[in-house]
Amino acid sequence: MWLFKRKGPSGFSFSNTAEDVTHDIDGTGLTAIVTGASSGIGSETARVLAMRGVHVVMGVRNMAAGKDVKETILKANSSAKVDAMELDLSSMASVRKFSSEFKSLDLPLNILINNAGVMACPFMLSHDNLEMQFATNHLGHFLLTDLLSETMKSTASKSSIEGRIVNISSEVHRLAYKEGIRFDKINDRSEYNQLWAYGQSKLANILHANELTRRFKEGGVQITANSLHPGIIMTNILRHHNIIGGLSFTLGKPAVKNVQQGGSTTCYVALHPNVKGVSGEYFMDNNISAPISQAQDTNLAKKLWDFTINLIHS
């Protein structure tokens, strides 16, 4: 048990909750988008950011569930600023519609949390005829970030407050296909492995954040981009994979986080002063960690960027 409670350089550990890592932080005046905020760590992230004064816009596929989360947050905190807007990351049309509707609100955007995702699902295609995990976990978030980047740049410039982009990845990025990203086999059903494909999409999340970092630094933009592993949490994302769910129970409770702990690293990276100016890093248990070498491959990151740009403009 002591391994899970041992504090890292940040002063926090595996065991800390999202409320712990944001204690005494005032997010008043900040606006954040949290995708996949209708359940699990997404809803916890939205709740805690709203608790700290952040205006939270929840991007949710299920609007009924999103409204329930909003009502729950407001019931506990009547002064919270929280909105729910429809967003299906597996559809580029939905991402474009959400982005357009958000811009029409004329709100600033300080924090973008790319949290939504599907995990280890059977082979299926998205609305745009792309493998579902790659489309939802990477492509949808890449497009969302691309469409909202100018709003974030403008907000950072006008407010002199650093913008933050947070990509929720996973330690399963270590289990991606051997070549990392299968550029020529994204839709290859015959060689599809649901866990490796999930790993591929999570590796893409890290590469995306790293390439964003390179481009922001090159352009002198006041926005950081980081990725993270939230931990093993028994949420709806595990519904397609009995092996991982079973492994979680086999490892026992100490290795599995509750939702409050699962949202902590996201909230830490999104809001904590310790992370100011930190970009292109991979976090786990509220501390900087080391991903696999492929995740730090700048050439692979550039290739993925160009590949994805072609997909969203094709």
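The present account deals with the structure reproduced in this document. (Residues numbered from 1 in each chain as written. Predicted model: local features only at pLDDT ≥ 70, side-chain atom pairs only at ≥ 80, totals over all residues. Heavy atoms only, no water.)

**Structural notes on the pattern of salt bridges**
Within the structure shown, the criterion is met by 13 salt bridges. The salt bridge partner of Glu-19 is Arg-47, with a shortest N-O separation of 2.8 Å. Placement of Glu-19 in helix H2 (residues 18-21) and of Arg-47 in helix H3 (residues 40-51) is noted, with a sequence separation of 28 residues between them. A relative accessible area of 31% places Glu-19 in the partly exposed class. On the basis of relative accessible area, Arg-47 is assigned to the partly exposed category, the value being 26%. When the shortest N-O distance is used, the salt bridge between Arg-182 and Glu-179 registers 3.0 Å. Three or more residues are tied together by salt bridges with common partners; here these are Glu-179, Arg-182, Lys-185 and Glu-191. (Salt bridge = Lys/Arg side-chain N within 4 Å of Asp/Glu carboxyl O. Helix = DSSP H or I, 4+ residues; strand = E, 2+ residues; numbered from the N terminus. Buried < 20%, exposed > 50% of the residue type's maximum accessible area, 1.4 Å probe, protein only.)

**A short note on the packing of aromatic side chains**
In this description, an aromatic ring pair is defined by two values, namely the gap between the centres and the angle between the planes. For the structure shown, the criterion picks out seven aromatic pairs. A centroid spacing of 6.1 Å and a plane angle of 75° characterise the contact between Tyr-177 and Trp-196, whose relative ring orientation is edge-to-face. With Tyr-177 in the loop between strand S5 (163-168) and helix H7 (194-218) and Trp-196 in helix H7, this residue pair connects regions lying 19 residues apart in the sequence. Given a relative accessible area of 44%, Trp-196 falls into the partly exposed group. Measuring from centroid to centroid gives 5.1 Å for Phe-183 and Phe-307, while their planes differ by 75°, and the two rings are edge-to-face. Pair noted here: Phe-183 is in the loop between S5 and H7 and Phe-307 is in helix H11 (residues 298-313), with a separation of 124 residues, a long-range link. One aromatic cluster in this structure is built from Phe-12, Tyr-268 and Phe-283. The lysine or arginine in question, Arg-182, covers the ring of Tyr-177, its NZ or CZ lying 4.2 Å from the ring centre. The ring of Phe-14 carries the charged tip of Lys-257 above its face, separated from the ring centre by 5.0 Å. (Phe/Tyr/Trp six-rings, centres within 6.5 Å; stacked < 30°, edge-to-face > 60°. Lys NZ or Arg CZ within 6 Å of the ring centre and 35° of its normal.)

These results come straight from atomic positions and should not be treated as a statement about function.
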